[in-house]
Amino acid sequence: MAIVTYALELTESARSAQAFVKLKSMRTEDQLSIYWSNRPVPPAKISWPNSNPRIEPKEYWDNEGYAVHATAYALLTYTSRNLLDEARPIMTWLQTQRNGRGGFSSTADSITAMQALFAYAKKRSDRIPYNFTIGFDITSMPWEKPMVQVDRTNMADQQVVSIERVYGRVTMTAKGTGQGLLIMRTLVNVEYEWEQIHERTRAFDMDLKFQFMPKYNFSHIEVTACMKWLRTDIAPRSGQATFEMELPTGYRTEDQHNKFLNAYIDGTRNLRDAENFAGRIGFYFDYLDAVPVCIKFNLDRYLPVANMSRYYEVKVYEAYEPYNGYIGMYKMMNLFELSICHVCGSYQCPYCPYYASSIYLQSSVLLVLFTAVLAILLYGHLSSPTT
């Protein structure tokens, strides 16, 4: 409905007013914001550790991309009708849905949302006195006092302040005129699956199988991945789906295998494309349904890495609704147990017993034989009669 209303508004249709009334009746009001969605998107939680409120980390929902996309078209409609004051709660809700990188749920809704926010900001009359500074007081880095300046020359640029010591408290102070958005993003590396942030409702099922080639200490691995759609309660099949797998350190799919992947697309149901990039491999499907789809590919060691991680990330998700998916880990204990002497070639490991022991034994035998012969000759010389 939001797309249709905006299209009628752009074409100045006689039915645009009727469509706009219908659009307004479908909105959802939540505290100080307004948005459009097929299901509620709960607001961010707010706690009060002291006299100042604290906004808790953003939670992700399986209909977030849908809601952002619909609300962005609604904001474009309001802006086109010059209803800027009524559009302010819509703009506020969109800003709260940003992720840690400044975007939104997926590529598609991010583009539409940025277009809507730009159109809204362009018509605001308070853009002229844009001039303010933001100061940062970081308890873990008291010797540094970062400051960000925002004015008309850089108001659309993203400015980043990095905090290397992640503990303590960060206090931000803004002075001047204008509006700005502050986003704090933190990253934590986890080792176990239970430490991951999982989807609220599992939308896909996935099964991974590995066949390790024992020759050359698992330098070659054959991977079989099968997946299927589980949310048949909302749709018989998914939208465009993506399968991503983090590769073990030091492994990759060879270039000649990429040609095989492209040829493999024609023989796999719904498979549209495959991509091999640094540290990961991805497969893209038109859709997945309740019938499992399986793909096979090979991994080859190209760097001698030992004592590597035990767990690696794997996920399958809808392209336009990334939080409607499955996120998990797979374990590689066989590779974790390998030492550097197991993974390097003989010419690279002169001190490893696997490659140096035969040379060492041969030298020892020759030394023993030489010593024995020398002893016999000396004994014969000393024991011979003198004339």
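Further up the page is the structure itself.
Residues numbered from 1 in each chain as written. Predicted model: local features only at pLDDT ≥ 70, side-chain atom pairs only at ≥ 80, totals over all residues. Heavy atoms only, no water.

Peer 1: Where do I start with the side chain of Ser106 in this structure?
Peer 2: Tracing the backbone through its elements, the reader meets Ser106 in the loop between helix H4 (84-96) and helix H5 (107-123). The buried category is assigned to Ser106, whose relative accessible area is 7%. There is a polar contact of 2.5 Å between the side chain of Ser106 and the side chain of Asp109. (Helix = DSSP H or I, 4+ residues; strand = E, 2+ residues; numbered from the N terminus. Buried < 20%, exposed > 50% of the residue type's maximum accessible area, 1.4 Å probe, protein only. Polar contact = N/O pair within 3.5 Å; in protein donor to acceptor, adjacent residues only side chain to side chain.)

Peer 1: Any chance you could explain the packing of helix H3 (residues 64-80) against H4 here in plain terms?
Peer 2: Two quantities define a packed helix pair, namely the angle between the axes and the distance from one axis to the other. Interhelical geometry of H3 versus H4 gives an angle of 160° and a closest axis separation of 9 Å. What the angle tells us is that H3 and H4 run roughly antiparallel. Both H3 and H4 take part in a crossing whose hand is left-handed. Of the residues in H4, those touching H3 at Ala67, Val68, Thr71, Ala72, Leu75, Tyr78 and Thr79 are Leu84, Glu86, Ala87, Ile90, Met91, Trp93 and Leu94. (Axes fitted to C-alpha atoms, helices over the stretch in contact; angles between N-to-C directions. Parallel < 35°, antiparallel > 145°, perpendicular 65-115°, else oblique. Left-handed = near helix turned anticlockwise from the far one by under 90°. Contact = heavy atoms within 4.5 Å.)

Peer 1: Looking at this structure, I do not really get the nonpolar core. What am I missing?
Peer 2: One recurring pattern in soluble globular proteins: nonpolar side chains tend to sit buried together. One finds Phe243, Met245, Phe283 and Phe285 to be the most contacted residues of the largest nonpolar core, which totals 35 residues. Mapped onto this core, the elements with two or more residues apiece are strand S8 (204-212), strand S9 (220-229), strand S10 (241-246), strand S12 (271-277), strand S13 (280-285), strand S14 (293-301), strand S15 (311-318) and strand S16 (325-331). Element by element, the count of residues in this core is highest for S9, at five residues. Tyr35, Ala67, Tyr73 and Leu94 belong to the second largest nonpolar core, which has 29 residues in total. (Core = buried A, V, L, I, M, F, W, Y, C linked by side-chain atoms within 4.5 Å.)

Peer 1: What am I meant to see in unusual backbone geometry here?
Peer 2: Comment: phi is negative for the bulk of residues other than glycine, and the bulk of peptide bonds are trans. In the Ramachandran plot, Glu12 falls in the positive-phi region, its phi being about 55° despite a non-glycine side chain. Even without being a glycine, Asn82 presents a positive backbone phi close to 60°. The residue Asn82 is located in the loop between H3 and H4 in this model. According to the relative accessible area criterion, Asn82 is exposed, its value standing at 53%.

Peer 1: Looking at this structure, how should I read the environment of Ile55?
Peer 2: Inspection of the secondary structure puts Ile55 in strand S4 (residues 54-55). In this view, Ile55 contacts Ala44, Lys45 and Ile46; residues no more than four positions away in its chain are not counted.

Peer 1: I tried to follow the pairing of S14 on my own but got confused; where do I start?
Peer 2: The side chains of a regular strand alternate between the sheet's two faces. Taking every second residue as pointing to the same face, the buried face of S14 carries Val293, Ile295, Phe297, Leu299 and Arg301, while none of Cys294, Lys296, Asn298 and Asp300 on the other face is buried. As defined by bridge partners, S9 adjoins S14 across eight bridges and the pair is classed as antiparallel. Among the inter-strand pairings, Val223 is bridged to a residue of S14, identified as Phe297. Pairing analysis gives two bridges linking strand S11 (residues 251-252) to S14, with the strands arranged antiparallel. What sits directly across from Tyr251, in S14, is Arg301. (Pairing = 2+ DSSP bridges.)

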